[in-house]
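The lines below spell out each chain.
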Amino acid sequence: MAEILEVKDIAQQEYLINMGPQHPSTHGVMRLVVSLNGEIVKNVQPHCGYIHRGIEKMCEKLTYPQIIHLTDRMDYLSAHMNNASVCLTVEKALGIEIPERVKYIRTIMDELQRIASHQLWWCAFGMDLGGLTCFFYGLRDREPILDIFEESTGSRLIQSYYTPGGLMNDIHPDFQKKVKEFIKYFRKILPEYDQLLTGNVIFQERTKGIGILSKEEAINRGLTGPSGRGSGFACDVRKRAPYHLYDKVDFKECLYEEGDTFARYKVRIDEMWESMKIIEQLIDNIPEGDYTAKMKAVIKLPEGEFFQRVETARGELICFIVSDGNKNPLRVKFRSPNLINLASLNVMSKDFKIADLVAISGSLDLVIPCMDR
Amino acid sequence: MTDEQIKEKILKILPEVEIPEGKPTLTVIVPPDKLFTLAKELKESPDTSFDYLICLTGVDYGKSMSVFYHITSTKFNHTIILKTSTQNRETPAFDSVYSIWKTAEYHEREAYDLLGITFNNHPDLRRMFLDEDWVGHPLRKDYSDPINIVER
Amino acid sequence: MAFSFSIYDFTSFTQWIDKSLYAAMPPFWALIVEMVIIGIVFLGFYALLGLFLVYAERKICAFMQCRVGPNRVGPFGFIQTIADLIKLLLKELIFIKNADKILFNVAPFIVIIVSFLAIAAIPFAKGLHAMDFNIGVFYIMAVSSMGVIGVLLAGWSSNNKYSLIGAMRSGAQIVSYELSVGLSLITIVVLAGSMQLSTIVEGQRDLWFIFKGHIPAIIAFIVFLIASTAETNRGPFDLAEAESELTAGFHTEYSGIRFAFFFLAEYMNMFLVASIAATVFWGGWMPLHINGFTGFNHVMDFIPPIFWFFGKSFFIMWIMMWFKWTFPRLRIDQLLTLEWKYLLPINLVNVLLMALIVLMGWHF
C-alpha cells in the first residue's frame, strides 16, 4: 500500500538513483548512489567492495615472488607497473643491483602498457559520451601491443612478467622489430583519434569546463596520474622520484592547468605521444646481458619498512611492505590510485548533470579491481 | 631541504619524537596525541610544506597497532614517513588528518574497515569495502574466518 | 477497366484493383477488403523493411567501426536479423512488479501504431500510396508527434527511475524538435504552394525543391535532417535511451516482443523521416530532371520511380546512420539550446526568406 504524499513532501525528497553495481558507465562493479534534483547531481556516494578479494591479506601468507602474481590482478590494465611496484620494493630492500638490460626492458614494457591502457581508456571514454565508434578504434590499435606482450611474456593481459631481480624470461627475438613496427603504425594512427573525437564540437562542448578541480584541491585530495596532471598537479612519479630508466630518457610531463574533463583527456592523448618517444629512445639500445640478477631461492627481506612509488597509467601506485624478517611480509599495502581518485568524484560532479557525471567518472579512468583489491 | 634539516626542524617542533637511524627514508616516530599538531605544522610551515599525503597505512604488529603516513612536498619534493603506534590493540584510536589532507578520507576509512582503527574527527567513518554488518577486521593478525581462510 | 501494370506508373494498377472490387461487391465491403489488403501489404512491407534496416545498420556501423558485422548466420549474415526476430518473439515477456500494467502494455503499441499511421500518406511511386490527403504534410506531422505519448507512458509506467528520466528527456526533446520539423516542412510548403504530397512531388517535375529553392531550401533540409534525427531519438540525440547514462532509458524494463516493438518503431521512424525528406526535398519518386536537358531527362526517366524513392530514402538514412556512429551524444541542455536558440530562429528567418523568394519569383 503506497503512502499518500503531499506535493511538498515529494519536492523535498531526494531523487536517488543507483548507478551500478551493473551499469555500463561504471566500467565494473562499483555502485554510485547519486542524489538528483531533476537532472542535476547533488551528491555522489561511491560504494566499493563488490570485488574485494583481500589481496593485502593474501599477501601476508605468500612469499614475495608469489605476491607478484596477485598484483596484476589489481589494475589489470597496468599489470606491468603493478608488478614493478613489488619488484622494485623488494630489490630496494635487498639492495641488489639489477642488470641494465632488465631496466631497459622494464621501461619499454611499462610504456607499452601505458599506451595500451590509455587506448582502452580512450575507447571507453568515447563510449561513455555516446561515440560508439571510438571503442573499436581503440581496441583495434591495442591488439598489436597485446600481441607483443603475448610473444615475450606468454600472456596478453595479466602477464606477471617481472620477478624480484629481473624478468620471468628473456624477450622474444622479434620484440624490437615488432615494437618498432608498432610505433611506426601508431604514430600514423594516433592523429585519427584526434580527428574522430578531439576536434568534434559536440565532444568539446561535453568536456570543456566540466568537472573542474583546482590544483590545490587536486594536491589536497591526492588526485594523481593523468587526472591530477590535468589539474596542473605535477605528480608524475617518473619525474619526481625516477625509477627504471626514467631519469635517463628525455620526455615531457604533460601538464594542463584547466582541470576540466577535456584537460584530463588531453593529458592522456599527449602521454601516448610521450610514451612512444620514450620507447623510441630505448628500443635500439637494449644492452646484451642477463635478464635476471642472481637471486636467492628464498627471498627474505630485512626487518623494516620499504616502499616504492610507481606511476601506473592511472596514477601513483605505492607498494608499502612492512617486513619482520621472514619470507612472508608482515603487511603489504598498495595505495590504489583509483580509490583515491574516486574520492574526488563527488566534488567534481556536484551541480553538473548526470551525463556530465558519466563523463567525469570516465575521465578519471577508474579500474574497479584496483580500487577494491 | 635535506633530511638533516628536516630532522632538526621536527625536533624543534616536537622534541619528544624518536627518529631511528638507518632507515631508507627518514622515519619519524610520533606519539599518537602529538601527531596531528606535528602534521599540521609540517604542512603549514613554508620551508617544509608537506602538502601531499601519498599514503596512509595501518599496520597490525600483533602487539601494537601503528599507522604510517607517507608525506611529501610537491614544492620541494622531499619525502618523510611519520609513524605512530598504540599499545591498545583492541580499540586503537588516532586523530584524523582529514582536515589537513582531504585525501586521508578514504585511506582512513580503509584502515578503519580492515584494521578497526578509529580516527577521531573523521567526517564519515564507515566501512569502505565490507558490509556494515561484517564482524571483525580482516587485516588484523588475530582475525579468523574458518570458511574463507584456509590455514596451511 | 482492363488490367495493366507498369513499374513506371501504378495509377492504372491501383485503380484497376479499386474498380474491380467495387464492381464485385457492395461499397461497404469493398472498402473493408481494401483496408485489409492495404493493412496486410503494409504489415509485410513493415516487417521486411524493419529486418532489412536492422541488417543494413549493423553492416554500415560495422563498416564505420573497422569490423565485419554479422557474418555467421546465412550468407553475409543476412539471416541474422531474422534469427534475432525469432529470438525476440520467443523470449519471455517479463512483467514488472509495481508497474502500471495497462499503460506498460499499451505503450509499445502506441509507438508502433503511430509510425504505422504516418506511413499511410507516403507516396512510394506514382500512384502507389494508401491515401493522398490534401493535407498530407500536416497529417504526417500531426501523427508522428503522437509517438512521444508512447515513450512517456513507457517511461512512466515501468516504475523505474532511469526510465522516467529517459522519458522526461524524450518528452522535452520531441516536443521541442517538433517545431523545427514543422517549420522546415512549412518552408517547402510555401515553395510548393500545397500540402498534398502528390502535388509536392509533381511540382518537382522540372527540378527538385532542394535545388529549386536554393539557399532557404538547403537550410531547411539541413534543419529538417537534424531535427528529424532528434525526433526519432537516434544518435547523437539518443538521450532518451543513452545507454551509458540511463542503461536503456525508457525501454529498460521491456523484454521480448514489446522491446522489439520499440526497436522496430525506431527504424520505421527513421525510414519515415527519411522518406518525408526524400519526398519533400529530393522529389520523392520523381527522377532527376533538369530543364532543357531532354536526353538526360529521358535517361533518368528510364529508372523506375520506386527505385528513385527508395534510393533517396536509403541515402538519407545512410547519412543518419553516419551521424549516429560518428558523433558523441549531446547533453540535454545543449540539445534544447540547439533547438531553441539556433534552429528555431534560423527556421523562422528561413520561412520569411522562402516567402520572399517565392513572391519575387527568384527560385528556379
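Let me sum up the structure you'll find in this document.

So, how was this worked out
- Each chain has its residues counted from 1, following the order in which its sequence is written.
- Here chains are named by letter from A upward and ligands by number from 1 upward, in the order in which they appear as written.
- Predicted model: local features are reported for residues with pLDDT of at least 70 only, side-chain atom pairs are reported and counted for 80 or more only, and whole-chain, interface and lining totals are derived from all residues.
- To obtain the side-chain values, all non-hydrogen atoms of the structure were used and water was disregarded.
- The residues that make up patches have over 30% relative accessible area and no salt bridge, and they are joined within 9 Å when like-charged or within 5 Å when they are Val, Leu, Ile, Met, Phe, Trp or Tyr.
- Only the protein chains shown count as covering a residue, and every accessible area follows the Shrake-Rupley method with a 1.4 Å probe.
- Take a side-chain nitrogen of Lys or Arg and a carboxyl oxygen of Asp or Glu: if they are within 4 Å of each other, that pair is a salt bridge.
- Labels follow the DSSP assignment, with helices taken as runs of H or I lasting at least four residues and strands as runs of E lasting at least two, numbered in each case from the N terminus.
- Any residue under 20% of the maximum accessible area for its type is buried, any over 50% is exposed, and the rest in between are partly exposed; the area is computed with a 1.4 Å probe on protein chains only.
- Two residues form a contact once any of their heavy atoms are found within 4.5 Å.
- Accessible area that two parts lose when put together, with a 1.4 Å probe and added across both, is what the buried area reports.
- In protein, a polar contact means a hydrogen-donor-capable atom and an acceptor-capable atom, both N or O and within 3.5 Å, with residues adjacent in sequence counting only if both atoms are side-chain atoms; elsewhere, any N or O pair within 3.5 Å suffices.
- In this count, Pro and Cys sit with the nonpolar residues alongside Ala, Val, Leu, Ile, Met, Phe, Trp and Tyr, while Asp, Glu, Lys and Arg are called charged and the others, Gly among them, polar.
- Whether a set of points on the 1 Å grid over the protein atoms alone is a cavity depends on a 1.4 Å probe fitting there but being unable to get out, while an open set qualifies as a pocket with protein on both sides within 12 Å along at least five of seven lines; lining residues are those with an atom within 4 Å of a point.
- Grid points are joined across faces, edges and corners, and a volume is the space filled by probe spheres set on the points.

So, a nonpolar patch on the surface
Residues and elements named next belong to chain C.
Okay, step 1: Nonpolar side chains collect at one region of the surface, where Tyr22, Phe28, Trp29, Leu31, Ile32, Met35, Val36 and Ile40 lie side by side and expose about 800 Å² of accessible area between them.
Okay, step 2: In terms of residue count, the dominant contributor to the nonpolar patch is helix α2 (residues 27-64) (7 residues).
Okay, step 3: On the secondary structure map, Tyr22 appears in helix α1 (residues 11-24).
Okay, step 4: Tyr22 sits in the partly exposed class, given a relative accessible area of 35%.

Considering the interface of chain B and chain A
Okay, step 1: Counting residues at the interface gives 46 residues for chain B, matched by 38 residues for chain A.
Okay, step 2: Taken together, both faces of the contact between chain B and chain A bury some 3,500 Å²; the carbon and sulfur share is 55%.
Okay, step 3: Three residues, Tyr52, Tyr106 and Phe129 of chain B, lead the burial of chain B against chain A; their summed loss comes to 19% of the area buried on that side.
Okay, step 4: Summed over the shared surface of chain B and chain A, the result is 4 salt bridges.
Okay, step 5: Notably, a salt bridge pairs Arg373 of chain A with Glu110 of chain B, separated by 2.2 Å at the nearest N-O pair.
Okay, step 6: At the boundary of chain B with chain A, the tally comes to 17 residue pairs in polar contact (both at pLDDT 80 or more).
Okay, step 7: For the side of chain B that touches chain A, the secondary-structure elements that each account for two or more residues are β2 (52-60), β3 (65-72), β4 (79-86) and α3 (104-115) of chain B.
Okay, step 8: A per-class count over the side of chain B that touches chain A returns 21 nonpolar, 11 polar and 14 charged.

Remarks on empty space enclosed by the protein
Which parts of space are left empty comes out when a probe the size of a water molecule is rolled across the atoms.
All names here are of chain C.
Okay, step 1: With the rule as written, the count across this model stands at 6 cavities of 30 Å³ or more.
Okay, step 2: A volume near 270 Å³ is recorded for the largest cavity.
Okay, step 3: Taken together, 19 residues form the lining of the largest cavity, with Ile174, Glu231, Thr232, Asn233 and Asn269 sitting closest to its centre.
Okay, step 4: If you list the elements that add at least two residues to the lining of the largest cavity, you get α4 (101-119), α6 (147-157) and α12 (256-281).
Okay, step 5: Top contributing element to the lining of the largest cavity by residue count: α12, with 6 residues.
Okay, step 6: Looking at the lining of the largest cavity residue by residue, the class counts come to 10 nonpolar, 6 polar and 3 charged.
Okay, step 7: Lining the second largest cavity are Ile140, Met141, Ser144, Val181, Leu185, Phe224, Glu231, Leu272, Val273 and Ile276.
Okay, step 8: Counting residues per element, the ones that place at least two in the lining of the second largest cavity are α5 (136-144), α7 (161-192), α10 (214-231) and α12.
Okay, step 9: Looking at the lining of the second largest cavity, its residues break down into 8 nonpolar, 1 polar and 1 charged.

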